[in-house]
Structures are given as structure tokens and as C-alpha cells.
Number of protein chains: 2
Amino acid sequence: MLSTKETSFTAVIVGGNGAGLSAASKIKRLRPSARVLVFEKGPHVSYANCGIPFWLAADISENALILLSPDTLRQKRGIDVFTRHEVMAIDRKAGAVQVRHCETLREFEVAYDRLLIATGASPRLPSWAIPEAQNLFSLRDLTDGQALQQALTSDARKVAVIGGGYLGLEMAMVFRRRGHDVVLLERALRILPTFHSKISERAEQYLRQQDIAVITGAQPDAPTYDGPRLRSLRLLPDYREIQADVFFLAAGITPNVDLARASGLQLGPTGAIAVDDTLRASDAQIFAAGDCIEVRHRLTGEPVWLPFGPAANKQGRIAGANMAGERQRYAGALGTSAVTIGELEVARTGLTFSEAERHFGSVESVVVQAHDIAGYMPGEKRATVVLIFRRRDGRLLGAEMAGFHGIGKRIDVLATALQAGMDVRQLAELDLSYSPTIAPVWDPILIAANAAVKKLSK
Amino acid sequence: MLSTKETSFTAVIVGGNGAGLSAASKIKRLRPSARVLVFEKGPHVSYANCGIPFWLAADISENALILLSPDTLRQKRGIDVFTRHEVMAIDRKAGAVQVRHCETLREFEVAYDRLLIATGASPRLPSWAIPEAQNLFSLRDLTDGQALQQALTSDARKVAVIGGGYLGLEMAMVFRRRGHDVVLLERALRILPTFHSKISERAEQYLRQQDIAVITGAQPDAPTYDGPRLRSLRLLPDYREIQADVFFLAAGITPNVDLARASGLQLGPTGAIAVDDTLRASDAQIFAAGDCIEVRHRLTGEPVWLPFGPAANKQGRIAGANMAGERQRYAGALGTSAVTIGELEVARTGLTFSEAERHFGSVESVVVQAHDIAGYMPGEKRATVVLIFRRRDGRLLGAEMAGFHGIGKRIDVLATALQAGMDVRQLAELDLSYSPTIAPVWDPILIAANAAVKKLSK
């Protein structure tokens, strides 16, 4: 490890949210004398982007989203934060970045000893979409959220949500809670198409109960415009026309790799930046972390792109430690994730059924519906549990859950079991907690595990 | 396995709740032609005894507690249930039990091929307590609950709860919610004395916030009576006098082993019935399950008495399968448990600090207070997480949690990690779910694991 007394060490970080600021804070903790410069293209740093839907739903104020201001970062943590500054190019030979101030367009060069690319991801734009359309929105950063907040006036009667994944479902509920008419469009034959069909059905049923229209197997095409505003979309295959006042795009995201690619850094098979297990990119002085990188899947060992918040923060911390001279390893991810759709929680960990088949051969699954708390308690609901496991030996490969009462957190038991390499018999032996308000005597996970053991023994 | 066509097979089960009825149902499922006779001393079978506090708190009706009536058990499951019938003796040589009807006192003999002892546990009576006192209650079965329900009139202004464990804390809140003045007495210097002191403090603080008086280091002694009613207790060491209208005894429970002992069956070092891992007692034809047996601790391999509902149900199922001719193994328990005290949840799994020291030598612990959901979300509270781990290699040995929002269920992650033999470094690598309504980006368990890793590396 380099001496902490050395004052000339400079770390430059591209991107001022989860991964970037976790790294910056870690570097300053380990090497207080280091210069740490963070360049953020947008006007905000250190805000809770996953909290934006809750601001839009009026659950929290906009202020609550701001975690640390640039001033606080500077004064309390000694991190030099530059918003509205875009890193245009990396001169790897010289060890310097070219930075442009987004308003003055003034450019300058900054030398680095270590560089972190934490450029995140951006919404994917379908071929029919014109980004300039005034009433077409997506949601990735606070600026997107502010634009949406302004557009969601009482004049905006109808909102069309394009995409039936996590963000689309979450935002459909937000729009509905604000009193808009909401239609959700999904190209696949069901929403949450990578989940088990029972989970998709459950989510769709929940949306319909909230008076959200759901159209599946619907491929948007042929937009019509009214001046600068998108007026309608025709849906293939039946040319049904969907008009709306606001269109919300939630058709996936894509890693921001332009800077890395232009600098000659290696991208991986997923299209995201390739890194080793210390999160070093294909240049000894350059690290990358967060939604712009691909990581090793803990079950398959293969590179995967799993852009989720906890991983980004964890990666930022590890990259920061390594930039400061430590040697920490990122163990890879399982793809554990959760979404809250109103009160319905949907979560998963590990592989989908088809991923499991591709990597592990003959695979089985079970689905159970079981009490989430004691059946006699008020507010009891059903939890849906899906387990995906190898036919040969019952090894757990993936799990999905849907339900209420924090069921999205109960997936963590299965994430832990996956990391430990448990099989469904071991799962059935788990000694889980019980109290009538928090679980039935037979936890839904145990009921699913018992069903899996039974299926294996057939 | 015996032929399912054989009709002469008779299973006799002593005790008609969790363990007993789980076994009975399992036997009938595996061997539909078997005669399955269940003898229950009390007037009720198949009721949710953990639900009784919620009936007393008026959260649910008394009817909701009844899971299956004797008629349903007979008609739907083919189980012959006899309430108010006490098994007085076992004639192991003859393979028969002596049964007495509790009202008529008529006795008869029933031959068995396999016998299950599922006699449960009973409240422990302190030396000063006279069980006949009309206003002294405890809570183990529905009859106890009914007696308490009748006694809790508006005349009963003050309730003294004796014992600061799970039941005492849970019931103190029930009495308070019913509008009584409540004082909780605990002999040890803090409530929940086997937990980390930070968990005890948190629970005590919560009780005081609910206007429940808590007196610790208080040993009841010298009761005074007013005819058949207990009037007051003097507390050692300072002879403070506590008067109350209702006294509630929650000073622990003890396994019901009289029948087993009188039959010459072996008891274990804990005082509960000794069984092998198929739950067979020291007689080839006799099994035992539930709160009356001791089991192997999964971490230490030693016999322990862990009388919790999920284990009793699981053991009943396994004993039933084995009585029906299968050979299933009970893997032992970790002692995972939880209690709900109003809205506060407290849970644990694995060993206490001192148990861990006794079995594993040099042990460390960490305590963290962390956001239970995203810090900016309404209703965010602090979760307290305690990890107990081996100094040498960081192996996890025990964990405790306290908090709100289903924190009592989040202990299951640590129960799973314990079963898998994880160390705190592996714990810190867990890929846990995240959504602002259900967790912060850094789950409290990860924050605790990071603190433990840091402590280890010192």
C-alpha cells in the first residue's frame, strides 16, 4: 500500500452517484491526503435516484432525495465535486482526462494517478421514439424526475407507460396514485416476462385491481405527432391506437460505455465494461464500477450485466479501496433484486428457469402460494414462491417471490442459500423465525422447499 | 416400508396440538388405512396457541384460533381425536396405554403399534406461587386464555407480569393495549437477559414508551393473600411491595415429561425426553416430538431444549413419517425465534455470546444500528443487529435483531448463513434485495457484517 503521507496522489472519478461517490469516500477514508476529483455531467450528485418515484408519488419531498450536497462532500469528506462537467476523453498514455464544463463549454485537462469510470446506464430508446418529443419521458436521474414532475399536471389526463419491467410497473402505480388514467404496454405476452408466469399473473392482477389498463403482446410502432408532442402510438400486430398526454418510456436501460470504448478500454460480451475481480478495467490505472460494468455471476462464473443499486455501491467501495492501494475482491453477484408496485413486492435472486437450463442442464421448478403471516391474523395475504433447482441433485439455482408485508426482503433467505450452494433438501431443513404477525409456523419458503423435495423424489 | 394395505396398524398419539396432529396427519397421508388415535388431556385440539395473545388483544376472534375441529379431523383426515382424555401410563411390554376420561374418570386400555409422546411443556411455577390463587394466570393453552379473558374486566385495574422473556413482554403489551396499568417484573438485571444488552435496552425503552413500568433485578417473594386472591408480592432485595389485581406468570416453561419418566423412557441432560435423529425415544416403538423433547443443536451438536412452534410442527411431521415406516432424519435446530411486542420485533438465531464462548473459544461481537428501509422514506426506523462470531476465523455463531417492519423475519438470512457455516466475510458478500420501501442500499445485515470484518482485521 502506498504511504498515506504522499500528497501527490490524484484520483479522478467520472460520475457522481452511488458507485462514484462510494469510491471517492473510500479513497479519502484510506488516504486522507489524496486529491479526489469527481466530475458529474448532470447538475446533481449524491441523490437517491431510486427514491424519485416516491417523490413523484408525494410520499417524500424533493429535498429528502438529496443525500449529500457538493459543499458537504467537499467540507466533510474532502471530495472535490464538479457538477455539469463532462469527461470527454481519456488520454491513457498521459494519464489525464479532458473535461468540459457543460455550460461554458470551456475544456481543461486533469492528470490522474488512478481513474474510476462510473458512468452508469441510460434509458434505451426504441426505434420509433424521437427523444425531442416534449411529452416523452423516462426516469434515470433527478433531472428526468423534475421534468416529469412538471409535466404531470391535471391537464395530463392519460399516461401511457411503455415497458412492463420493474420501472414500468413501479411508475404505472405512481401515475395511478396521482390520479391519472394509466395504460401499460408490454411487447412480450406478459409483464415481467423473465419471471415465472404465476408472478407475472399476480402482478398483472394487482395492476388491474388498481384500475391500470395492461396491454401485453403490444409492440409500439408508427407514432403520430402533434407539433412537438407525441400524440399516439399504433401497436403491432393489430394496429390498435393508443393516445396519451404523457408517454413514459421504461423499455430497459443500456450501460454508458462511450467514454470507455473511445478510450480503447475493453468491453465484455454483454456490452458493458469488462473488469477483473478487483474491478480494474483493461488498463492498470483505470477502474470501473456500477451500472456501466459487467460482473461475474456467482453461480455460472460468466460475465453478466446486473445494474442494481446495492451492487453499484459495493463495487464503488471496493474499487475505491483498490485505487487507494488495497487489494479487495468483488465476489460477483446473484442478480438479487426487488421492486415495490404500490404495496405489492416482487423479488428474485439467481437464475431464471431458462438461464438455469442453459447452464445446468435438466432443471425443475415449483410454485407455491402460501400464507405470508399466520392464516388467522388480520391482513394475512398469500405469498407466491418459485424455486428453480437442478433435477439431478436439487441444487437451488434461482428463486422468485411476490407478495406483501416485506416479502421482497424474504428473498434474501434464498439469496443466502444460493451463495452457500444449498440444495432444496437443505432449504427444507432451515430453522426460520416464527411469530404470528411475521410468519406462519410453516414459512412459505419451507412450504416451497418441501414441494421441491417431493418433486425430486418422484 | 410396511404395506399400506395392512389394516391392523395402530398409532397412538399423546397430545393434540402442533407436534401431535402434524404426526397424525402425516401417518394418515402415508398409510390411509392406519388407525390413528389422538388423546388430548385438555378440552381443545388443533388451535393456534401462539395466536391467543392476539385474541386477548382483540385483534382476532376466538373462533379464528381454532384450526381444525375434532369432527373435521375425524371426517376429513380420518384421525380419531379424543379430548379430555389423559394417558395415565404406558405399558411398554404390552404395547398399550392406559387412558382416563377426565370427566367420567373411566379408564380403558388402548394397544398401539407405534406411540408418539407429544405432551408439550407447561409454565414453570415459582416457589412463592400457589397455583390455586384465583387471580394468578399463565398462558399455555386455550383454557388459560379463556380464564384470562374472563379475568380482564374493567375492575382489574393493575396487572403485574412476572418474567421479562418473550411471553412476558408480549403479554405486557396486550394488557397495556387493553387499558390496564402494567408493571413488568424481571429477576435479572435486564429484560430479555439472554440477549445482548443493546437489544434488552431497546425493548425496555419501547415498553416504557407504552407506559409499561419495568422493574428489573426484582425477585418476587413473600406474597400476601386476600382470601383466595393474591394481593401483593414483595420484591427482593429491597422489599418493595407490588400490588396488583391480576398477576401474570411468564417465568419460563418446563417440558412435560412425567409420563415418559414414569414409563422408564430416557430423559436427556436438559431434562426433556431424549430421542435419536429419527425422533425415536429409548424404546423402538415410541417416538416423541415437540416441546417435550430435546434435540441436537446444529452448531454444537449437543442436546438442547428449544421449545418453538415451527420445530414442533416439523418434528411432528418427521416422527409421523417414521411411525408410518419411512426413515426421515431431523437435522436439529438453531434456536431461531422471534417475538412481537406491539410493533417491536425481536429475534435471534444460533448461540448467545456466552454459549458461543463455551463451545468455540475466543468470540467477538458487533452491534450496529442502521436504517431498516431507505433513510429518506417515511416510517424509517433503526434496526439493531448483533453478530456473534469466532475470533479465529470469523465464523458466524449467533445473531440477534430488534426493530420494526418485519425485522424479525430478516433474522432468517442469518439463520441460513449459520446453517451454511458462513463466516462474516462471506456474510459481507451477500447479494441482498433492495427497494427503498423494504431496505436501504446497504442492508443492516451487510453493515453489521462489514463492522465484523473490520473488527476481525484489527
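Residues numbered from 1 in each chain as written. Chains lettered and ligands numbered in written order. Predicted model: local features only at pLDDT ≥ 70, side-chain atom pairs only at ≥ 80, totals over all residues. Heavy atoms only, no water.

**A few points about the overall build of chain A**
Stage number 1. Of the regular secondary structure elements, chain A holds 12 helices and 25 strands.
Stage number 2. The C-alpha radius of gyration computed for chain A amounts to 23 Å, which stays within 12% of the reference 23 Å derived for 458 residues, consistent with globular compactness.
Stage number 3. The C-alpha extent of chain A, read off along each of the three principal axes, is 65 × 55 × 40 Å.
Stage number 4. Looking at chain A as a whole, 55% of its 458 residues are labelled buried.
Stage number 5. Of the roughly 18100 Å² of accessible surface on chain A, 46% is carried by carbon and sulfur atoms.
Stage number 6. Side chains of chain A give 54 positive and 49 negative charges; the mean places of these two sets differ by 4 Å. (Helix = DSSP H or I, 4+ residues; strand = E, 2+ residues; numbered from the N terminus. Rg over C-alpha atoms; globule rule 2.2 N^0.38 Å. Buried < 20%, exposed > 50% of the residue type's maximum accessible area, 1.4 Å probe, protein only. Areas by Shrake-Rupley, 256 points an atom, 1.4 Å probe, with all protein chains shown as cover. Lys, Arg positive; Asp, Glu negative; His and termini not counted. Charge placed at Lys NZ, Arg CZ, Asp CG, Glu CD.)

**Things to note about the pattern of salt bridges**
Stage number 1. With the rule as written, the count across this model stands at 44 salt bridges over all chains.
Stage number 2. Between K409(B) and D443(A) there is a salt bridge, with the nearest N and O atoms lying 2.8 Å from each other. Residue K409(B) is located in helix α10 (residues 407-419), and its partner D443(A) is located in the loop between α11 (424-428) and α12 (444-456); the two belong to separate chains.
Stage number 3. The partner of E241(B) in a salt bridge is R231(B), with the nearest N and O atoms 3.6 Å apart. Taken as a pair, E241(B) in strand β15 (residues 240-243) and R231(B) in strand β14 (residues 229-236) lie far apart in primary sequence, 10 residues in all.
Stage number 4. By relative accessible area, R231(B) is classed as partly exposed at 32%.
Stage number 5. When salt bridges with common partners are traced through the structure, they connect K409(A), D412(A), R410(B) and D443(B) into a single cluster. (Salt bridge = Lys/Arg side-chain N within 4 Å of Asp/Glu carboxyl O.)

**Comments concerning the sheet that holds strand β15 (residues 240-243) of chain A**
Residues and elements named next belong to chain A.
Stage number 1. Spatial strand order, β13-β14-β15: three strands in an open sheet with antiparallel pairing. Only two strands of the sheet have a single partner each, and these edge strands are β13 (219-226) and β15. Ignoring which end each strand starts from, the neighbouring axes of this sheet average 25° apart.
Stage number 2. Looking at chain direction, strand β14 (residues 229-236) and β15 are connected through four bridges and run antiparallel. (Pairing = 2+ DSSP bridges. Axes fitted to C-alpha atoms, helices over the stretch in contact; angles between N-to-C directions.)

**Observations concerning the relation of the copies chain A and chain B**
Stage number 1. When chain A is fitted to chain B, the best match, at an RMSD of 0.0 Å, comes from turning it 180° and sliding it 0.0 Å along the axis. As the rotation angle and translation indicate, the two copies are arranged about a two-fold axis. Proximity to the rotation axis, assessed at the C-alpha, singles out V413(A) in chain A; its C-alpha lies 2.3 Å from the axis.
Stage number 2. Taken as a fraction of all interface residues of chain A, those also at the interface in chain B reach 100%, which identifies the copy contact as same-surface. (Least-squares fit on C-alpha atoms with pLDDT ≥ 70 in both. Contact = heavy atoms within 4.5 Å.)

**Points about the packing of aromatic side chains**
Stage number 1. If you walk through the whole model with that rule in mind, you get 10 aromatic pairs over all chains.
Stage number 2. One aromatic cluster is present, built from ring pairs that chain together F39(A), F82(A) and F108(A).
Stage number 3. Above the ring of W442(A), the side-chain terminus of R317(B) is found at 4.9 Å from the ring centroid.
Stage number 4. Between the NZ or CZ atom of K381(B) and the centre of the ring of F404(B), over which it lies, the distance is 5.3 Å. (Phe/Tyr/Trp six-rings, centres within 6.5 Å; stacked < 30°, edge-to-face > 60°. Lys NZ or Arg CZ within 6 Å of the ring centre and 35° of its normal.)

**With respect to the pairing of strand β25 (residues 396-403) of chain A**
Residues and elements named next belong to chain A.
Stage number 1. Within β25, eight of the eight residues are buried, which leaves it mostly tucked inside the rest of the structure.
Stage number 2. Where strand β22 (residues 344-350) and β25 come together, six bridges link them in antiparallel fashion. Paired with A347 across the two strands is M401, which belongs to β25.
Stage number 3. The pairing of strand β24 (residues 382-390) with β25 spans six bridges and is antiparallel. Following the sheet pairing, V385 is matched in β25 by M401.
Stage number 4. Between β24 and β25, which pair antiparallel and follow one another directly, the connecting turn spans five residues, one of which, G394, has a positive phi of 75°.

**Things to note about unusual backbone geometry**
Residues and elements named next belong to chain A.
Stage number 1. Residue L236 is joined to P237 through a cis peptide bond whose omega torsion reads 5°.
Stage number 2. Relative to the helices and strands, P237 resides in the loop between β14 and β15.
Stage number 3. Unlike most non-glycine residues, H405 shows phi in positive territory, near 55°.
Stage number 4. Following the sequence through the fold, H405 ends up in the loop between β25 and α10 (407-419).

**As for the interface of chain A and chain B**
Stage number 1. With 58 residues of chain A at the contact, the number on the chain B side is 58 residues.
Stage number 2. Both sides of the chain A and chain B interface together cover about 4900 Å² of buried area, and 62% of this is carbon and sulfur.
Stage number 3. A per-residue breakdown of the area chain A buries against chain B is headed by Y376(A), K409(A) and D431(A), which together make up 16% of the total.
Stage number 4. Here chain A and chain B share four salt bridges between them.
Stage number 5. Our count for the chain A to chain B interface comes out at 25 residue pairs in polar contact (both at pLDDT 80 or more).
Stage number 6. Within the residue set of the side of chain A that touches chain B, elements represented by two or more residues are α8 (309-323), β21 (337-341), α10, α11 and α12 of chain A.
Stage number 7. The dominant element in the side of chain A that touches chain B, judged by the number of residues it contributes, is α10(A), at 10 residues.
Stage number 8. Along the lines of polarity and charge, the residues of the side of chain A that touches chain B split into 31 nonpolar, 15 polar and 12 charged. (Buried area = accessible area lost by both parts, 1.4 Å probe. Polar contact = N/O pair within 3.5 Å; in protein donor to acceptor, adjacent residues only side chain to side chain. Nonpolar A, V, L, I, M, F, W, Y, C, P; charged D, E, K, R; others polar.)

**So, the confidence of the model for chain A**
Residue and element names in this part refer to chain A.
Stage number 1. Chain-level statistics for chain A give a pLDDT mean of 95 and a share of 98% at 70 or above.
Stage number 2. Every residue in residues 1-5 scores below 50 in pLDDT, and together they form 11 contacts with partners more than four places removed in sequence or on other chains.
Stage number 3. The ipTM value of the predicted complex is 0.95, and its pTM value is 0.96. (pLDDT = per-residue confidence, 0-100.)

**Things to note about the packing of helix α1 (residues 18-30) of chain B against helix α8 (residues 309-323) of chain B**
Residue and element names in this part refer to chain B.
Stage number 1. α8 packs onto α1 with a crossing angle of 35° between their chain directions and a minimal axis gap of 7 Å. Seen from above, α1 lies across α8 with right-handed handedness. Contact with α1, carried on its side by G18, A19, S22, A23, K26, I27 and L30, involves A312, N313, G316, R317, G320, A321 and M323 of α8 and no other residues of that element.
Stage number 2. A breakdown of the residues in the contact of α1 with α8 according to their chemical character gives seven nonpolar, five polar and two charged. (Left-handed = near helix turned anticlockwise from the far one by under 90°.)

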